Amino acid sequence: MKYLGLDLGSRTLGVATSDSTGMIATAYQVIRHQEEYDWLINEVCNLVEKEKIDAIVLGFPKNMNNTVGPKGKLSIEFQKKLECRLEIPIYLQDERLTTKEACNILIQGNTSRKKRKKVIDSLAATIILQSFLDKKGSKS
């Protein structure tokens, strides 16, 4: 089963994919947008078709106290729009601190600030997707 991991931001969408076994997540790309979510839905649908994706894992930004704020509600709306267009499962995955974790990984790897800005969202999507895959695998 092949998964697509998404980290939805206000200007970018980080994208990661899994291998065909659904065990290993890899950074794929960053899609820049201007909060034009209908256009972004089309881009995701094209990716699903191109990469033969079986399910999507969408980052779900919750507050540290486990409540759902405006960005979390935006992710739920994005999920609903995707569900209207696609006939595959779309899972929400808690993404608290994934961008910070991605930043720390890039800093430890001596990645320049300029390059970090270009890849951080796809790395965050990779962390989101890998967390989901690890959790799913431990339940098997």
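Predicted model, so just to flag it, every value in this text is computed and none were measured. Once a new chain begins, its residue numbering starts again from 1 and follows that chain's sequence as written. Confidence filtering applies because this is a predicted model: local features only for residues at pLDDT of at least 70, side-chain atom pairs given and counted only at 80 or more, and all residues used for totals across whole chains, interfaces and linings. Only hydrogens and water are set aside; all other atoms, that is, all heavy atoms of the structure, feed into the side-chain values.

(A) Representation of the environment of Lys71 within the structure. Considering the arrangement of structural elements, one finds Lys71 in helix α2 (residues 70-85). On the basis of relative accessible area, Lys71 is assigned to the exposed category, the value being 53%. For the pair Lys71 and Gly9, spaced 62 residues apart in sequence, the C-alpha separation works out to 8.5 Å. Working rule for contacts: check all heavy atoms of both residues, and any pair within 4.5 Å makes them a contact. Setting aside residues no more than four positions away along its own chain, Lys71 makes contact with Ser10 and Pro61. Secondary structure elements are defined from DSSP: runs of H or I of at least 4 residues count as helices, runs of E of at least 2 residues count as strands, and each element is numbered from the N terminus. Relative accessibility decides the category of a residue: with a 1.4 Å probe and only protein chains considered, values under 20% of the type maximum give buried, values over 50% give exposed, and everything between is partly exposed.

(B) Looking closely at the nonpolar core. Working definition of a nonpolar core: buried Ala, Val, Leu, Ile, Met, Phe, Trp, Tyr and Cys residues. They are joined through side-chain atoms within 4.5 Å. Formed by 21 residues in total, the largest nonpolar core has its most connected members in Leu4, Leu6, Val44, Ile56, Phe78 and Leu82. Secondary structure elements with two or more residues in this core: β1 (3-8), β2 (12-18), α1 (37-51), β4 (55-60) and α2. If we ignore the near neighbours within four places in the chain, the residues touching Val44 are Leu4, Leu6, Leu13, Ile56, Phe78 and Leu82. Formed by ten residues, the second largest nonpolar core is a distinct cluster that contains Tyr3, Ile128, Leu129 and Leu133.

(C) Representation of the packing of aromatic side chains. Note on aromatic pairs: the rings of Phe, Tyr and Trp (six-membered ring only in Trp) are paired at centre separations within 6.5 Å, and the planes decide the class, stacked below 30 degrees, edge-to-face beyond 60, tilted for the rest. Enumeration according to the criterion identifies three aromatic pairs in this entry. With centroids separated by 6.1 Å and ring planes inclined at 75°, the aromatic side chains of Tyr37 and Phe78 adopt a geometry described as edge-to-face. Of this pair, Tyr37 sits in helix α1 while Phe78 sits in helix α2, and the two are 41 residues apart along the sequence. The same class applies to Tyr37 and to Phe78, which are both buried. Each residue in the set Tyr3, Tyr91 and Phe132 is aromatic and connected to the rest through ring pairs, giving one cluster.

(D) How the structure looks around the pairing of β4. Most of β4 sits inside the fold, with six of its six residues counted as buried. The side-chain alternation of β4 yields two buried faces, one formed by Ala55, Val57 and Gly59 and the other by Ile56, Leu58 and Phe60. In this sheet, β4 lies alongside β1 in parallel orientation, the contact comprising four bridges. When the bridges of β4 are listed, Tyr3 appears paired with Ala55. Being paired, for any two strands, means DSSP has found at least two bridges between them. Of the strand pairs in this sheet, β4 and strand β5 (residues 90-94) are connected by five bridges, and their pairing is parallel.

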